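Results of the structural survey
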Number of protein chains: 4
Amino acid sequence: MYRFTNDYSEGAHPSILKALADTNLEGNLGYGYDPHCEHAAALIRCKIGRPDADVHFLVGGTQTNTTCICAFLRPHEAVIAASSGHVCVHETGAIEATGHKCVAMPAAAGGKLTPELVRAAVEAHTDEHMVKPRLVYVSNTTETGGVYTAAELRALRSVCDELGLLLYLDGARLASALACGGASMEELGEVCDAFYIGGTKNGALFGEAVCILNPALKPDFRYILKQRGGMLAKGWLLGIQFEQLMQNCLYEELGEHSTRLAQQLSAGLAALGVEFLFDSPSNQIFPILPDEVLAKLEGAFHWEVTAVPAPGRTCVRLVCSWATEQAAVTAFLLAVEGALKDCPACL
Amino acid sequence: MYRFTNDYSEGAHPSILKALADTNLEGNLGYGYDPHCEHAAALIRCKIGRPDADVHFLVGGTQTNTTCICAFLRPHEAVIAASSGHVCVHETGAIEATGHKCVAMPAAAGGKLTPELVRAAVEAHTDEHMVKPRLVYVSNTTETGGVYTAAELRALRSVCDELGLLLYLDGARLASALACGGASMEELGEVCDAFYIGGTKNGALFGEAVCILNPALKPDFRYILKQRGGMLAKGWLLGIQFEQLMQNCLYEELGEHSTRLAQQLSAGLAALGVEFLFDSPSNQIFPILPDEVLAKLEGAFHWEVTAVPAPGRTCVRLVCSWATEQAAVTAFLLAVEGALKDCPACL
Amino acid sequence: MYRFTNDYSEGAHPSILKALADTNLEGNLGYGYDPHCEHAAALIRCKIGRPDADVHFLVGGTQTNTTCICAFLRPHEAVIAASSGHVCVHETGAIEATGHKCVAMPAAAGGKLTPELVRAAVEAHTDEHMVKPRLVYVSNTTETGGVYTAAELRALRSVCDELGLLLYLDGARLASALACGGASMEELGEVCDAFYIGGTKNGALFGEAVCILNPALKPDFRYILKQRGGMLAKGWLLGIQFEQLMQNCLYEELGEHSTRLAQQLSAGLAALGVEFLFDSPSNQIFPILPDEVLAKLEGAFHWEVTAVPAPGRTCVRLVCSWATEQAAVTAFLLAVEGALKDCPACL
Amino acid sequence: MYRFTNDYSEGAHPSILKALADTNLEGNLGYGYDPHCEHAAALIRCKIGRPDADVHFLVGGTQTNTTCICAFLRPHEAVIAASSGHVCVHETGAIEATGHKCVAMPAAAGGKLTPELVRAAVEAHTDEHMVKPRLVYVSNTTETGGVYTAAELRALRSVCDELGLLLYLDGARLASALACGGASMEELGEVCDAFYIGGTKNGALFGEAVCILNPALKPDFRYILKQRGGMLAKGWLLGIQFEQLMQNCLYEELGEHSTRLAQQLSAGLAALGVEFLFDSPSNQIFPILPDEVLAKLEGAFHWEVTAVPAPGRTCVRLVCSWATEQAAVTAFLLAVEGALKDCPACL
């Protein structure tokens, strides 16, 4: 059985597992006050070109988004996000649970916010009877596989500066964004007020690294981290994983691998005449396949269903990870090709 | 200067002022434990046909919505509301500040929710990664002047029963709804889990009366009332006002007055060829007037701007209250007629 | 029946009722954007000697404390208060409901905080695993009738400056504090970051006036006010009441009246040999009376029980208000004297 | 350097590390829907004698306490805890951040709550102006090393039943409690409404297993888990760790090891005449040592300072873990003995 279910179906990259085993009995101070976290933070500061950044390590994405937004906003301030944004849809109202409204804007192509959408969100909020939009949430890659280029993020930065907004980037799938033309780590270091580098979906057992660049957002972040339940007792486990990811370009390599294989899938399916619900250059793709074809693939492959755009046709999400093998991609394409031959009128 | 700005520009109906003065030195227990609150609650229970209802008095609408929703929901449960609903737009995120997401659905005609919209909201939330819709919020009249009939509310009740939802009705402008074909007080007593009878916009200095009908929602409501800052020290001030409103059909009469005058305005404007942004049978109407006409009215009349549907045309909101005089309506219609004569091509 | 139950058993001072009636049909903008609120704020700014103060009007005390604390603190910041403080005990956890811990310190004499207690609270919180004390909450008068002098508040200000804390004063019973040697309005204007002038317990139907002096605490307060349900639709009702209270020394006169009568009670009881649970120079006193005596007074007088310090003896709270009559005080003292004569061994 | 700093200074027990490595590439469903979580939950249900228990796995203790309390309480309900309780002191107000007050009671011997303390807490809260105590929080072992026996917990259960309270047990250090006479797993299954089995401090990399026994507390727990950021993407990592801990009595063995070594330390120090700040039968002990002695030990041993009970004497906390070696204990005792010889008048 080959899995394209998601990019968090396997444990950790072997080098990470090895580092965890090698350091198992070291004896470290808890809560992130250990040399591994310090070293990993230094590697990240270097990579993003911001020696002044505050770097904090958390366990998961929802926790990271919630902790940051809770730390950065006053009670009446709101988040602007694409209506498909993770914080709007898939975090069980975690942002609202910290008291903040998410102003959901119908996303542009690729699930992306644009300066126009941000401006429209702000203009729709005119006085103190309404929340005050304050933080622009973007994810790179987006939930539908889209990628923000440096130019797009600079344009968002510019509208944020004009309107007094913060720019926050959710990098759960940053590694794939880096692999397909997204803004570089250094560019993120330039344009964001804060962002996080996702480890869970790119080779770590778990872990996300928040980079806070705006000095006004730095004070007392560790208090909020603790209060929100995000301070890991054995904090060095996060440091060790990010040491591995940030060294020798491992993070970038794993992202390139997952993206390359997903794009092979994409190109192969397109060559067979398959269409896509969303255009995606990244490690998750959204082909629309005839149900007859899917029925033949079931059992041998695993995926998630995204939508049913027409009777008899289903959009599935196929995700490649650092652990996906070439064989899986080849097998899937062969299987689709075979199934389509049996059913030439399907597409 | 005649004001059509809103229905809370004047103080209280004279009989209410008189009752407050007459009882000023009575000496009452605080926090709602007084005979006036008891009497007013009994009058309300009778009027809604629910001797078992719990009745609580609060000062204002946002406070009432927030306190109820906070009391009724668990942390992961969400509100379904029309995207034009007061809780979605005009309460500075008060619902989110209690931790609950508002699931905003694009409203049907009249700013109303329908069973289909409610069902769609529930079906869009499929698992524990999303909030769980639990309470349907409707306002009668709606924010755009629409009115729910008893049949419409029964249809909502039915879908609520099917899907395990609570039905909550915001009656800030209930008096006008009663005056133009909306569900009666008794029908509200039948179909809602809870609703409130608005005093502030219908002759009281301030005050809203919450009726809780669903026994599961009753326990400890006064704790939440106090915690949310909604328990008035001199609680009898609310009891006295609702005693007046609920006696001798004063509440209904005031609502009929405001609605009748607004509908005179509406009919008069329609006769002059004016169009409306929203169809409204209630005490607030939304005519679209040429800017040349509005320019001539300015100074003599006061209104709020709702939208600019086309260049040179503005939709204004005209609201009549219990205190609006016939003279104001007559003067406005004459003024528009005059202005249109000077500018025949305007419309 | 004479009531010493509390200072919010009657409606409003006649001059306030009259002003409300006189202005009833004026037609005012809502939400505090009216000339009465503006005028009342100007009177307050003048009285506290701070032309730069932001003044906001709210309906009640719990609402005011909650809104201010919610507006002033970040999520991990905590309140330091006497363990008898209103926010610690009598607001149903309203402060915690905004997410903030109250660090309760065992109060010094008079229910007061001291610089030493504040310092101890701060020193007990050493790192990010604990909340960060940030706001010192004092009430004047205190919940047990104590009064902060200007010197005492200056000493608190000094420790606040040293430790980076905010000083917030709850003036629910400020009028009585002014009447018995407490810091003056001008002194409060000097030492506090914010405080409120209580109307509900000193002649208003309802209403508290928040004065924000620290510029860092001013931005966007009205957003929080709305979000917390504290923005009154007919805001001018608050402005009108404070216009009356702030003119012609009405506020001060009412406080002097209530305090003078309570102190007559206190002196009269002391002369009869009665002891007190708390020393109080203000408008609420705490005599310890034999149960035999109380049994004889019941029916003719009303009070609240504070504690049972010994078998057969009960500490009652006697409160005088702006509306208490001299006759009530005289009658009470006579009644106690009579009861004690019948029971000479009681005391 | 030997560390007695805490019981979370090392990684995981080798069998856990091995299991994580062995399963690394298995490919599992995320979010706890995997066979390892299912198996671990089954083992736990068996061990606690409650086949009906709901078992959920979380990453850390603060997260677990916060999620449970947030899920179990309505907004006005409060926690009763010892004033030394973890939720009161060391979670940066995480409980208050979910809106709930912690009613802190001065702990009895061993940092424990008693039925009398619970009753006193409830009796101090008399009406809706105060929070409503609802959940009794105990930790076993306590923060000062104390242990609740089954009889003590049954007595708490009894007062909880009488007063309508929930009993929740924080088992961060449950393994040590099991090793020194604390209530057994089965007894916890009987008396608690919910409790958690701590992994982080007993051989896991991280992980706590919540057991919910009261059916009223079970619905929708996973929603709250997700909303509070506690749902691990690679949830099987938790299942795998608890499979190891729950099999072959590994959990119990590790707790016995840490407790036995700490008690060796304790007995050895007592034999040298050392006194203790708190009596502790568990894996953390609190000896009071002369500063001259501590000065000689520094560099070779690591500990945390708990208090300075007298000038020249410091109470240190010494904690043994599953990873502490016999050699460390022997070395420490020898070092203290030597230091005391050099300074016979010290003690």
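Residue indices begin from 1 for each chain and proceed along its sequence in written order. Chain labels run from A onward and ligand labels from 1 onward, assigned in the order the entries are written. Reporting of local features is limited, given that this is a predicted model, to residues whose pLDDT is at least 70; pairs of side-chain atoms are given and counted only at 80 or more, and all residues count toward the totals for whole chains, interfaces and linings. The side-chain values count all of the structure's non-hydrogen atoms but skip hydrogen atoms and water molecules.

1. Notes on the sheet that holds strand E3 (residues 77-82) of chain C
Residues and elements named next belong to chain C. Whether two strands pair depends on DSSP finding at least two bridges between them. Starting at the N terminus, helices and strands are each numbered in turn, a helix being any DSSP run of H or I of at least four residues and a strand any DSSP run of E of at least two. Read across the open sheet, the seven strands follow the order E2-E8-E7-E6-E5-E3-E4; overall the sheet is mixed. Edge positions in the open sheet fall to strand E2 (54-58) and strand E4 (102-105), since each of these has one partner strand only. Each strand of the sheet is rotated relative to its neighbour by a mean of 25 degrees, with strand direction disregarded. Here E2 pairs with strand E8 (residues 208-212) via five bridges, running antiparallel. Note on E8: the bridge partner recorded for histidine 56 is valine 210. A fitted line through C-alpha atoms serves as each axis, taken over the contacting stretch for helices, and the angle formed by two N-to-C directions is quoted from 0 to 180°.

2. Comments concerning empty space enclosed by the protein
All names here are of chain D. Put simply, the grid is 1 Å and covers the protein atoms alone, a cavity is a trapped set of points that fit a 1.4 Å probe, a pocket is an open set with protein on both sides within 12 Å along at least five of seven lines, and lining residues have an atom within 4 Å of a point. Grid points are joined across faces, edges and corners, and a volume is the space filled by probe spheres set on the points. Under the definition given, this model contains 13 cavities of 30 Å³ or more. Among the elements that make up the lining of the largest cavity, the one with the highest residue count is helix H3 (residues 61-72) (three residues). Amino acids are sorted into nonpolar (Ala, Val, Leu, Ile, Met, Phe, Trp, Tyr, Cys and Pro), charged (Asp, Glu, Lys and Arg) and polar (every other residue, Gly among them). When grouped by side-chain class, the residues that make up the lining of the largest cavity number nine nonpolar, nine polar and four charged.

3. Remarks on the relation of the copies chain B and chain C
A least-squares fit on C-alpha atoms brings the copies together, and the residues used are those whose pLDDT is at least 70 in both copies. Its rotation angle being 180 degrees, the transformation that places chain B on chain C also includes 0.0 Å of axial translation and leaves an RMSD of 0.0 Å. Expressed as a symmetry operation, the mapping of one chain copy onto the other fits a two-fold axis. Of the residues that chain B buries at the interface, 100% are likewise interface residues in chain C, meaning the two copies contact each other through the same surface. Any two residues whose heavy atoms approach within 4.5 Å at even a single point are treated as in contact.

4. Focus on the pattern of salt bridges
Salt bridge criterion: a side-chain nitrogen from Lys or Arg within 4 Å of a carboxyl oxygen from Asp or Glu. Taken as a whole and judged by the stated rule, the model has 60 salt bridges over all chains. Glutamate 152 of chain B is paired through a salt bridge with lysine 112 of chain B; the nearest N and O atoms lie 3.0 Å apart. Of the two residues, glutamate 152 of chain B sits in helix H7 (residues 150-163) while lysine 112 of chain B sits in the loop between strand E4 (102-105) and helix H6 (115-123), which places them 40 residues apart along the sequence. Note on exposure labels: buried denotes an accessible area under 20% of the residue type's maximum, exposed denotes more than 50%, and partly exposed covers the range between, all computed with a 1.4 Å probe on protein chains only. For lysine 112 of chain B, a relative accessible area of 14% gives the class buried. Among the ionic pairs, glutamate 252 of chain D bridges to lysine 47 of chain D, the shortest N-O distance being 2.8 Å. Pair noted here: glutamate 252 of chain D is in helix H12 (residues 250-271) and lysine 47 of chain D is in helix H2 (residues 35-47), with a separation of 205 residues, a long-range link. Neither glutamate 252 of chain D nor lysine 47 of chain D differs from the other in exposure class; each is buried.

5. Topic: the packing of aromatic side chains
Stacked, tilted and edge-to-face are the three classes assigned to paired rings of Phe, Tyr and Trp, where Trp is represented by its six-membered ring and a pair needs centres within 6.5 Å; plane angles under 30 degrees give stacked, over 60 edge-to-face, the rest tilted. On inspection of all chains with the given rule, the structure shows 38 aromatic pairs over all chains. Look at phenylalanine 72 of chain A and phenylalanine 221 of chain A: their rings are 6.2 Å apart centre to centre, the planes differ by 40 degrees, and that puts the pair in the tilted class. Highlighted residues: phenylalanine 72 of chain A in helix H3 (residues 61-72) and phenylalanine 221 of chain A in helix H10 (residues 221-227), separated in sequence by 149 residues. Residue classification places phenylalanine 72 of chain A among the buried positions, given a relative accessible area of 7%. Residue phenylalanine 221 of chain A is classed as buried on the basis of its relative accessible area of 1%. A ring pair is formed by phenylalanine 301 of chain B and phenylalanine 332 of chain B, whose centres lie 5.1 Å apart and whose planes are at 85 degrees; its orientation type is edge-to-face. Here the residue phenylalanine 301 of chain B occupies a position in strand E12 (residues 301-302), and phenylalanine 332 of chain B occupies one in helix H14 (residues 326-341), the gap between them amounting to 31 residues. Every member of this aromatic cluster is reached through a ring pair, and the members are Tyr2, Phe4, Phe301 and Phe332 of chain A.

Function cannot be inferred from these measures alone, as they are strictly geometric.
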